Structure formats: structure tokens, C-alpha cells
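Topology and contacts: notes
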Amino acid sequence: MAWALQFDGVNDRADFSVWTATGDFTVSGFVDTQARTEIFIGYNSSSQNYVANISNGNFRIKVGNVQVDIVGTTRGTNVPFSFNRVGSTVSYDVDGVTGSFTSAGTFLLDTLGTYNNNTLPYNGRMYGIWTLSRVGDVRTYGMDASTHSSGTVIVTDTTSASNATGVNMPTDGSAWVDLGGGGISVTVTEVLNSFTDTS
């Protein structure tokens, strides 16, 4: 089965221990992109580091208080994005739109679905695997690997156990959306040709 985590765009989020990158790093995930200003992932204590939708339809990445608006990305569901920094060059790929910008500043993240004291909350779904990777701290948040039952929402970090804990999310299990996609059944039928020798 494939699963997604639904955010309400009002006040919910999923917090995790602070992930800090002062050097090279990689971040990737899958989101709904739309013409609405909202934060996918950010830092609760400031507005200097985040990934977001912007109301004009752009996709924005902000690293160490340096931001770039990415034009021409797909508006849709389950859109992939990734970006990585090597030295001070941040290279990105948002659903096939690529480019780069320069930022050597510290990059901090600690929440899914908002930033800066619950500002600009996300109204959409997160899918698949979200990766935050730097030397000494790799996190792999798996929407499919998480427990999808009732109770406090926990997004499981399958690499280092720095799980993200839901805040203001429903505890009846409804934040998790079953996307289907169970096993594939294949039937193979063998047909044998026969003939009669009349010679």
C-alpha cells in the first residue's frame, strides 16, 4: 500500500529534533504543488530556512536566508523535489525544472508542514520518502513505513529514529490517506499447441 500524510492548512504540523547543515547536504521529498503560499518543511524558530509553495504559482527554496523562486514547475499532486549543496552552490530539481543558486549559510529544519512558530501552514499531502542528509545526520522519513492507525501521528525516520511527531493533527487515523496500490496480481496461462499426424 502507498500512504500520504494530510495537512489541514490551519495549524497542524509534525515536529522533529533540529537537523542542522553547515556544509554539504541533500534534501528531497514529494508534495502537492499549488498556487498558495504555504510551507512544506521549515524551522520553527525563524523564517530563514524552508521549502514552500508561493501564491503566484512558483516553488521556493530558502537556505541560510537566501531564497530562489523556481518558475515553471508542475502544479499537481505527488510532485518530486530535491536540492543539494556542495560548497556554497545549491542545485535543485523540482519535477524536472533545474537550476542553482549560492548560499553558504547554516540550514536548519525541525518541522513538516509549517515554519516560524506555525506560520503559513501547508494544506496538502506529503508522499513517499523524505530525506534530510548531511555528514553525521541522515534522516529518512517514510510515509509508507509509518504506523497508520489511530493515536498521535508519528512519521517514522527509518534511518536514525529521529521520528516526527504530529502536533494538532487528528488522532483517529484520518491524517493518513490510503492511496491504494497494493500488490499486483499476475496470471500466466500456458497454451500448448497440439496436432494430429495424418500421414
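Note that the structure is a prediction, hence the values are computed from the model and not measured. (Residues numbered from 1 in each chain as written. Predicted model: local features only at pLDDT ≥ 70, side-chain atom pairs only at ≥ 80, totals over all residues. Heavy atoms only, no water.)

1. Focus: the overall build of the protein chain
Rule in force here: A run of H or I in DSSP counts as a helix once it spans at least four residues, and a run of E counts as a strand once it spans at least two, with each numbered from the N terminus. It is over C-alpha atoms that the radius of gyration is taken, and the globule rule equals 2.2 Å times the number of residues to the power 0.38. Burial here depends on accessible area, computed with a 1.4 Å probe over protein chains only, as a share of the maximum for the residue type. Under 20% is buried, over 50% is exposed, and the range in between is partly exposed.
Within the protein chain, the secondary structure is distributed over zero helices and 16 strands. Against the globule reference of 16 Å for 199 residues, the protein chain gives a C-alpha radius of gyration of 21 Å, more extended than a compact globule. Projected onto the principal axes, the alpha-carbon positions of the protein chain cover approximately 90 × 40 × 35 Å. Among the 199 residues that make up the protein chain, the fraction classed as buried is 44%.

2. Regarding the environment of Val-135
Among the secondary structure elements, Val-135 is positioned in the loop between strand 12 (125-134) and strand 13 (137-142). Between the C-alpha atom of Val-135 and that of Asp-24, which follows or precedes it by 111 residues, the distance is 7.8 Å.

3. Describing the packing of aromatic side chains
Pairs of aromatic rings are described using the distance from one ring centre to the other and the angle between the two planes. Which entries qualify depends on this criterion: Two rings from Phe, Tyr or Trp (for Trp, the six-membered ring) form a pair when their centres sit within 6.5 Å of each other. Planes less than 30 degrees apart are called stacked, planes more than 60 degrees apart edge-to-face, and all others tilted.
Evaluation of the coordinates by the stated rule reveals 14 aromatic pairs. The interplanar angle of 85° and the centroid separation of 6.2 Å between the aromatic rings of Trp-19 and Phe-107 together place this pair among those described as edge-to-face. With Trp-19 in strand 2 (residues 13-21) and Phe-107 in strand 11 (residues 107-112), this residue pair connects regions lying 88 residues apart in the sequence. The class of Trp-19 is buried, set by a relative accessible area of 0%. The exposure class of Phe-107 is buried, given its relative accessible area of 0%.

4. Some words on the nonpolar core
Rule in force here: Among the buried residues, those of types Ala, Val, Leu, Ile, Met, Phe, Trp, Tyr and Cys that are joined through side-chain atoms within 4.5 Å form a nonpolar core. Any two residues whose heavy atoms approach within 4.5 Å at even a single point are treated as in contact.
Membership of the largest hydrophobic core comes to 39 residues, with the highest contact counts inside it found for Ile-61, Phe-83, Leu-112 and Trp-130. In terms of residues, this core owes the most to one element, strand 2, which gives four residues. Ignoring any residue separated from it by four or fewer positions in sequence, one finds Trp-130 in contact with Ser-28, Gly-29, Phe-30, Val-31, Phe-40, Ile-41, Phe-81, Leu-112, Arg-139, Thr-140, Tyr-141 and Met-143. Grouped together as the second largest cluster of nonpolar side chains are five residues, Ile-39, Tyr-50, Ile-54 and Tyr-115 included.

5. So, unusual backbone geometry
Positive phi is not limited to glycine here, since Asn-118 has a value of about 65°. You can see Asn-118 is positioned in the loop between strand 11 and strand 12. Using a relative accessible area of 22% as the deciding quantity, one classes Asn-118 as partly exposed. A positive phi angle, close to 50°, is found at Leu-120, a residue other than glycine. Locating Leu-120 in the fold gives a position in the loop between strand 11 and strand 12.

6. Details of the pairing of strand 2
The condition is simple: DSSP bridges decide pairing: two strands pair if at least two such bridges lie between them.
For strand 2 and strand 15 (residues 164-167), the ladder comprises three bridges, and the chain directions are antiparallel. Following the sheet pairing, Arg-13 is matched in strand 15 by Val-167. Relative to strand 11, strand 2 runs antiparallel, the two being bridged by five bridges. Bridge pairing links Thr-20 to Leu-108 in strand 11.

In short, geometric facts, not functional conclusions.
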